[in-house]
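# Fold and contact review
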Amino acid sequence: MSKREPICPDAVSRYPFPGPDSGSSTMPVPPTGALTYLLTDIAGSTRLWDEHADAMRQAHARHSDLITSCVERFQGRVVRERGEGDSRFSVFSNPRNAVDAALAIQQALTTETWPLPAPLHVRIALHTSGETGVEGNGYTSSGANRCARLRALAAGGQTLLSRAIVELVGDHLAPDLTLRSLGTHRLQDLERPEQVFQLCHPTLPDAFPPLPSLDTLPTNLPGQLSSFVGREREMGDVKRLLQQTRLLTLLGAGGTGKTRLALQAGADLLDRFPDGVWLVELAPLTDRALVWQEVAAILGVREEPGQPLAQTLKTALRPKSLLLFLDNCEHLIGIAAELAETLLQSCPHLRILASSREILGVGGEVTYYVPSLSLPGIGETPPERLLDFEAVRLFMERAQASLPTFTLTAANAGAVTQICRRLDGIPLALELAAVRVKALTPDQLLARLDDRFRLLTGGHRTTLPRQQTLRALIDWSYDLLSERERCLWGRLSVFTNGWRLEAAEQVCAEGEIEEWEVLDLMTQLVDKSLVLAEEREGAVRYRLLESIREYGKMRLNSREEAGAVRRQYAAFYLAFAEEANRHLRGAEQAEWLARLDTERENIYAAFDLCLAQAQDPTDTDATERLLLSAAAQSDFWRTRGCLTEGRSRLAAVLALPNAPLFASAYAACLNGAGILAWHQCDNPEARRLITQSLERKRALHDESGVASALGNLGNIAKDEGDYGLALKYLEEGLDLARTAQDTRTLGIVLNGLGALHREQGRPAQARPLLEESLELRRKAGDRRGIALTLNNLGSVLQELGENERARAIQEESLAILRELGDRQHMAILLNNLGNRAKEAGDLTAACTHLEECLQIAREVGDRQNAAIALVNLGSLAEDRGASDRAAVHYGECLRLCRDLGDKMISGFALHGLTLLALRQADWPRAALLLAATTALRESLGVTPTASDSAKHEKCLTTLRTHLVPDQFETLYAQGRSLGLPAALAYALGETTT
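Because the structure is predicted, anything quoted here is derived from the model rather than measured.

What counts and what doesn't
- Residues numbered from 1 in each chain as written.
- Predicted model: local features only at pLDDT ≥ 70, side-chain atom pairs only at ≥ 80, totals over all residues.
- Heavy atoms only, no water.
- Helix = DSSP H or I, 4+ residues; strand = E, 2+ residues; numbered from the N terminus.
- Buried < 20%, exposed > 50% of the residue type's maximum accessible area, 1.4 Å probe, protein only.
- Contact = heavy atoms within 4.5 Å.
- Areas by Shrake-Rupley, 256 points an atom, 1.4 Å probe, with all protein chains shown as cover.
- Pairing = 2+ DSSP bridges.
- Core = buried A, V, L, I, M, F, W, Y, C linked by side-chain atoms within 4.5 Å.
- Axes fitted to C-alpha atoms, helices over the stretch in contact; angles between N-to-C directions.
- Parallel < 35°, antiparallel > 145°, perpendicular 65-115°, else oblique.
- Nonpolar A, V, L, I, M, F, W, Y, C, P; charged D, E, K, R; others polar.
- Phe/Tyr/Trp six-rings, centres within 6.5 Å; stacked < 30°, edge-to-face > 60°.
- pLDDT = per-residue confidence, 0-100.
- Arc of directions from axis to C-beta.

Scanning the protein chain for helices and strands turns up 41 helices and 17 strands. The buried share of the protein chain, taken over its 993 residues, is 55%. Put simply, 71% of the contacts in the protein chain that link residues at least 6 apart link residues at least 24 apart. Only carbon and sulfur atoms are counted for the fraction: they give 50% of the accessible area of the protein chain, which is about 41700 Å².

Now for the environment of P383. Relative to the helices and strands, P383 resides in the loop between β14 (366-369) and α11 (390-402). Between the C-alpha atoms of P383 and N412, which are 29 residues apart in sequence, the distance is 9.0 Å. Here P383 is in contact with L408, A410 and A413, once residues within four sequence places are set aside.

Turning our eyes to something else, we now look at unusual backbone geometry. Positive phi, close to 70°, is recorded for D176, a residue that is not glycine. Note that D176 resides in the loop between α5 (163-169) and β8 (178-185). Unlike most non-glycine residues, Q741 shows phi in positive territory, near 55°. Counting through the fold element by element, Q741 comes out in the loop between α28 (723-740) and α29 (743-759).

With six of six residues buried, strand β12 (residues 322-327) is to be regarded as a mostly interior element. Taking every second residue as pointing to the same face, both faces of β12 are buried, with L322, L324 and L326 on one and L323, F325 and D327 on the other. Pairing analysis gives five bridges linking strand β11 (residues 277-281) to β12, with the strands arranged parallel. For W278, the partnering residue across the bridge sits in β12 and is L324. Pairing analysis gives five bridges linking β12 to strand β13 (residues 350-356), with the strands arranged parallel. Bridged to L326 within β13 is A354.

All right, on to the nonpolar core then. Counting residues in each nonpolar core, the largest one holds 168 residues, and the members touching the most others are F395, W489, L492, F495, W499 and Y573. When near neighbours in sequence (up to four residues on either side) are disregarded, W499 contacts L492, A504, M522, V531, R541, Y542, R543, L544 and Y573. Judged by nonpolar contacts, the second largest core, of 37 residues, contains V71, A108, V122 and F197.

This part is about the packing of helix α17 (residues 483-492) against helix α20 (residues 546-557). Packed helices, taken two at a time, are described by the angle between their axes plus the distance between the axes. Where α17 contacts α20, the axes come no closer than 7 Å and their chain directions differ by 110°. Taken together, the axis directions place α17 and α20 in an arrangement best described as roughly perpendicular. Touching W489, G490 and R491 of α17 are I548, Y551, G552 and L556, all from α20. Broken down by class, the residue content of the contact of α17 with α20 amounts to four nonpolar, two polar and one charged.

As a further point, take the sheet that holds strand β16 (residues 532-536). Through backbone hydrogen bonds, the strands of a sheet pair up, either in parallel or in antiparallel fashion. Pairing is antiparallel in the open sheet, where three strands are placed in the order β15-β17-β16. Edge positions in the open sheet fall to β15 (499-500) and β16, since each of these has one partner strand only.

If you walk across this open sheet you meet the five strands as β11-β12-β13-β10-β14, and the pairing is parallel. With one partner strand each, in any of the chains shown, β11 and β14 form the two edges of the open sheet. Within the sheet, the average angular offset between the axes of one strand and its neighbour, ignoring direction, is 20°. Where helix α10 (residues 333-346) meets the sheet, it contacts β10 (247-251), β12 and β13, and its direction lies at approximately 165° from that of β13.

Here we come to the packing of aromatic side chains. Within the structure shown, the criterion is met by 12 aromatic pairs. Between W499 and Y542, the aromatic rings sit 6.3 Å apart at their centres with planes inclined by 20°, giving stacked as the arrangement. Placement of W499 in strand β15 and of Y542 in strand β17 (residues 539-543) is noted, with a sequence separation of 43 residues between them. For the pair formed by W499 and Y542, the shared burial category is buried. Here Y569 and Y573 contribute two aromatic rings whose centre-to-centre distance is 5.2 Å and whose plane-to-plane angle is 65°, an arrangement assigned as edge-to-face. Taken as a pair, Y569 and Y573 lie in helix α21 (residues 562-583) at a separation of four residues, close to a single helical turn. For the pair Y569 and Y573, a shared accessibility class is recorded, and that class is buried.

Moving on, we get to the confidence of the model for the protein chain. Detailed reading of predicted coordinates is not advised where the pLDDT is low. Mean pLDDT for the protein chain: 83, with 90% of residues reaching 70 or above. Ranking the helices and strands of the protein chain by mean pLDDT puts strand β7 (residues 159-162) first, with 93, and strand β1 (residues 13-16) last, with 35. Note on residues 1-30: pLDDT is under 50 here. Beyond four places in sequence and across chains, it has 87 contacts. Confidence drops under a pLDDT of 50 for residues 133-138, and excluding neighbours within four residues, the segment shows 17 contacts in the predicted structure.

A word on helix α19 (residues 515-527). For α19, the full list of buried residues reads E517, V518, L521, M522 and L525. Across the axial projection of α19, the buried residues extend over an arc of 130°, all falling on one side. In the core, the buried residues of α19 are packed alongside α17, β15, α18 (501-508) and β17. Within two residues after α19, S529 carries a phi angle of roughly 65°, on the positive side.

This is the structure we're talking about:
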């Protein structure tokens, strides 16, 4: 299939396909491609429904049937949209069929007998557009919107056509059918004028009033040279609010599209204001005394001798019903507020729409914050879905206006998405960026956004100077601020991903700004649309749009205070990380994990700032702060699976020249780094780091620290199959933790010791250790610790035959880990639940659990859990009879185990391949693998369960049955002597013996 170039629509509407009850059977597949739209609605329907409700119900149903019948007779498709009321939307692949259907509809409606005092009159519009997208169960096209605006010009019984459709059907009309040009008119979309034609036929009415276009209605709204993109929700909100209030102020930072939204809303509302919609542009004015004069001049009100102009305006406007749009009020906020209040009090039919960066502060004022254009979320978005987002649509349309050959492709989609995100979906910034595609690829453009104030220039020469460059636009806002507001703006720019009030008070209170003043000044910046305030996690969180932040950084860099502000920022967030770690050990884990997620970018930025300071050997304070903070964050990195990130940052701190001077914090970082290495199955490095930590903790006589390090070394030894050494470490750690009365470390070591006994086939000994660990952790409210011990206890109970309880507590464990977002341990739980489901015979559930386990393990870089999932998926595939798939899983598992040096999991995978060889009657291979597996387990000190022993004997019996005695004994002896490296090579088909 050939690739279709993406359409860049403007104000996109979505019209759903009819459902099963639509009665449409002639066109089961909705038409696509270049379509002709036919839109209808009933003229004067509101009055008819009010005065003749019962008759209108009958008439409305008949009207719908007639339209559907005519449309389908000419191979069209009726699209019924919920909430459309009396309107009907139809599509045709053939434009001539659409014209014939329109004629048929008007003729049918004219000859019908209606249960009303007068015939039902319907207005119709036809327009042909370029290729139209199909999304979900609806159409997406700017052409549909244009057709709707054409329909708004028609009178009841009148059918209007656009020039686009006339050019296609003009020479192919049915007999007696003619088209009459009604001239060129500006539709209510403020875009290019449209040449409008009327469909004429001897059987239809012919005389209609002049078209109520922008050229004939009272307004001074200017035409626009570019399309209006998106904003469907905002348009609906603005029009609804203007019905409910007499003063609506659109708020937002510069460049967010307040003016364009207001202009479009005003154009849509022209027919509701008999005396017009009038634009008053305040941006060019600098003298407040000129504001009243500008309003009077635009409304055609002349100043009268001896009477104040305000009084003259009130008298002139008192009887009129009009909408006054005051654009860009922020620099004349006082006089704009005075004008609005004065006129609204005296003119009962007047409504005012204002755009500003701060509220007018007039009684009865309703404010509406104009958001940025919609953006793709974080993560991959398929290129074909990117045009669903307004920011991307605007960028693409403006880019194609600058470079018609520019298209959205799989190669540039990522860069285009990032450009839109980096520019926060601000329309002006996107338009300034889009014109650069003539000289730069999207990747090049993205790379230069760090210098956006030089890059984003070149707006239209006819626009106001402040709208020609991004720098000038923000300069305009900056110049309107007080010096203290400017100062705070610069200081707030140090925050990377927003902030809470307490952070701003600690970081920004310095010199001329005291702590108690921060809230008031920040509120003023919120009121001026420079700072965004949003409720998150039960508290108000503030942030700057990226361009506003970059501008603030530029201003801060020019001040002497820049270094001091950044040092306060770094100190605050490193201290916050330490505080958060203390809360991660109790009942508030979930809340503080969420807070750490939110503040992660700030913490990392603070870390990097402090790391740069600590390179100076004389700055020992920075080194100590980093050590304490990095050690504190190791739990968070482990919980969130940020293992590589955490190891990298810990390594950078440990490498600082002054780091060893702070013995306790240095030892804690060594321990944390070792744990992360262990979770990545880098056991040699984990052992080295934790052993160093242990030595320093012993020198400090830190019993709790020694117990923690011993517990970690015991877990490493257990994973490597050195159960004797593991037992030594864990028992010593247990004694020290009890002596130190450190219940947290005691719970950890008890859990590790219980897991060791379980793996060695001693579930009865494991149980009391795990139950004591669980009790300690429940008392402490340590949710993560509870989940980990529940997991191990569930496995023990399973081996003791308490299957239902085992399943219940492991499901409790998984629920806790999902709540905490601990993905690495979620993978472990999913693996165990997969095995439980497999043993219960629910192979579908088992596969779901194990595949999710494998996916998560791969995503967080946990190769050990990935290897475990693979061996279990191999076993599951065997049970399903998918031997080839099982062999693939076992092979991938063995390759991972060889890289990791993991003997225990290798044994499970070798055993699986043994069973596979038996099923395939490959007796020599089965004998070699069985012997190699048995020798490996014996070397690890694994005590087989009674069930395992019975299965082993069954395998031996089968092999002795199918191999002659000498052959079996030779193969079995050969397999036992292979050693693990040779056994893995043989199992993977790399050698023949």
